[in-house]
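Commentary on secondary and tertiary structure
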Amino acid sequence: MKRWKWSAALAALILLAVMLAGCSSGAGSSAQPTKKEEPKAEQSAFPVTVKDGLGEEVTIKAEPKTIVSLIPSNTEIAYALGLGEKIVGVSDFDNYPEDVKTKTKIGGMEFNVEKIISLKPDLVLAHASSAHNSRDGLQQLKDAGITVLVVNDAKSFADVYASIELIGKATGTVDKAKQVIEGMKEKLSQIEEKAKQIPADKRANVWVEVSPPPQLYTAGKGTFMDEMLQVISAKNVAGDLEGWPMVTEEKAVAYKPDVIITTYGGAKQVLERAAWKDVPAVKNKRVYDVNTDLVSRPGPRLAEGVEELAKAIYPEVFQ
């Protein structure tokens, strides 16, 4: 069977290795026989037209009853909106919540067009980060009469809120989407206020390691990790670099970070690097692993990722 690619750039790969009646009645006057009013039907939210992550207008004719998600962030958002029972297919990379293990897998780095069509979904949640590379496959789904919604490629918390709003509008869960967004904003606000207690001279310089040498990658500005560090009053030592850059070990060591965060489970190997022995974070054994999904997957759990970072970097304040 033909499979179509949905992965885009290395940044996307890193991010992946390294998304919720009334009726009325009345009565006639006492002089006439009682007459019941017909219940007023609740006004349907459908059809609804939304602008997708590629700037194109997509019309959803009726409330989706079955949904396929092509990327984990979309799946997490859908579950947060109470749509878990409607999800019939997910990618091989989906691992949260636990219920995704019961769903049909539709492919990993590539999605299987025939498998998706066989599931007869009303809506497929695609993603802008891979839409161009999987253009033909997405068109085949559309030709099969399936509505495809390309969700925006989120690079900031504001973008994630937009993703949640978009999926909420497309699935008739607008109110629930607002609740999820407000919950995230409230949690972030609480963490940020607490972080303001940290004196300027106690704020940590942090090196984020996304992959180890010989291809040593970090998180620069324009990434969730950089925004998260700002929220908790920490400095990203690579914050002058863009996106997910590869740097040399010499440059990383020269940053002399107070804390090192790895997103791939590499804390032990960092501590064992001879060339890093004089780095403050290594000397003081302040090297920590964090759950990569919480700090890079653009969905509702990003707020939890901020909290995990805060507890690792400032345990005396956040534990």
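What counts and how
Residues numbered from 1 in each chain as written. Predicted model: local features only at pLDDT ≥ 70, side-chain atom pairs only at ≥ 80, totals over all residues. Heavy atoms only, no water. Helix = DSSP H or I, 4+ residues; strand = E, 2+ residues; numbered from the N terminus. Buried < 20%, exposed > 50% of the residue type's maximum accessible area, 1.4 Å probe, protein only. Areas by Shrake-Rupley, 256 points an atom, 1.4 Å probe, with all protein chains shown as cover. 1 Å grid on protein atoms, 1.4 Å probe; cavity = no way out; pocket = protein on both sides within 12 Å on 5 of 7 lines; lining within 4 Å. Points joined across faces, edges and corners; volume = space filled by probe spheres on them. Nonpolar A, V, L, I, M, F, W, Y, C, P; charged D, E, K, R; others polar. Pairing = 2+ DSSP bridges. Salt bridge = Lys/Arg side-chain N within 4 Å of Asp/Glu carboxyl O. Polar contact = N/O pair within 3.5 Å; in protein donor to acceptor, adjacent residues only side chain to side chain. Core = buried A, V, L, I, M, F, W, Y, C linked by side-chain atoms within 4.5 Å. Contact = heavy atoms within 4.5 Å. pLDDT = per-residue confidence, 0-100.

In terms of helices and strands, the protein carries 14 helices and 14 strands. Within the protein, buried positions represent 49% of all 319 residues. For the protein, the exposed area adds up to about 15,700 Å²; of that, 49% sits on carbon and sulfur atoms.

Right, let's talk about the layout of surface pockets for a bit. By volume, the second largest pocket is sized at about 270 Å³. As for the second largest pocket, its lining consists of 15 residues, of which Leu54, Glu56, Leu138, Lys142 and Val150 are closest to the centre. Those elements giving two or more residues to the lining of the second largest pocket turn out to be strand S3 (57-60), helix H5 (135-143) and strand S9 (147-151). A total of four residues in the lining of the second largest pocket trace back to one element, the largest contributor, which is H5. Here the lining of the second largest pocket is composed, by residue class, of seven nonpolar, three polar and five charged.

Next up on the list: helix H2 (residues 72-80). With eight of nine residues buried, H2 lies mostly within the body of the structure. Among the residues of H2, Pro72, Ser73, Asn74, Thr75, Glu76, Ile77, Ala78 and Tyr79 are the ones counted as buried. Where H2 terminates, the next one or two residues include Gly82, which has phi positive at roughly 80°.

Before going further, it helps to spend a moment on the sheet that holds strand S4 (residues 67-69). In spatial order, the strands read S6-S5-S4-S8-S9; together these five strands make up an open sheet with parallel pairing. Edge positions in the sheet fall to strand S6 (104-105) and S9, since each of these pairs with one other strand and no more. Sheet topology note: the S4/strand S5 (residues 87-90) ladder contains two bridges and is parallel. Along S5, the bridge assignment pairs Val68 with Gly89.

Let us look at the pattern of salt bridges. A full pass over the atoms with the stated rule returns 13 salt bridges. Note that Lys277 is salt-bridged to Asp278, the shortest N-O span being 3.4 Å. Three or more residues joined by partner-sharing salt bridges are found here, namely Glu76, Asp293, Arg297 and Arg301.

One can find Arg273 in the loop between helix H10 (267-271) and helix H11 (280-283). Here Tyr264 takes part through its side chain, which lies 3.4 Å from a polar atom of the side chain of Arg273.

Counting 62 residues, the largest nonpolar core has Ile232, Leu309 and Ile313 as the members making the most contacts within it. Each residue touching Ile313, except ones within four places of it in the same chain, is listed here: Ala204, Val206, Leu229, Ile232, Val259, Ile261 and Arg286. By size, the runner-up hydrophobic cluster in this structure holds 16 residues, among which are Val237, Ala238, Val247 and Trp276.

Turning next to the confidence of the model for the protein. Overall, the predicted model of the protein reaches an average pLDDT of 88, with 86% of residues at or above 70. When the criterion is pLDDT under 50, residues 1-43 qualifies, and its contacts beyond four places in sequence or with other chains add up to 90 contacts.

With respect to the helices and strands, the residue Thr171 is situated in helix H6 (residues 157-171). On the accessibility criterion, Thr171 (2% relative accessible area) is buried. Within the local environment of Thr171, its side chain forms a polar contact with the backbone oxygen of Ile167, the two atoms lying 2.7 Å apart. Among the polar contacts listed, one links the side chain of Thr171 to the side chain of Thr173, at a separation of 2.8 Å. Excluding residues within four positions of it along the chain, Thr171 makes contact with Phe46, Glu63, Pro64, Ile67, Leu81, Leu83 and Leu123.

Here the focus is the environment of Gly220. Tracing the sequence through the fold places Gly220 in the loop between strand S11 (217-218) and helix H8 (224-231). Separated by 20 residues in the primary sequence, Gly220 and Asp240 place their C-alpha atoms 6.7 Å from one another. Each residue touching Gly220, except ones within four places of it in the same chain, is listed here: Asp226, Asn236, Ala238, Leu241, Gly243 and Pro245.

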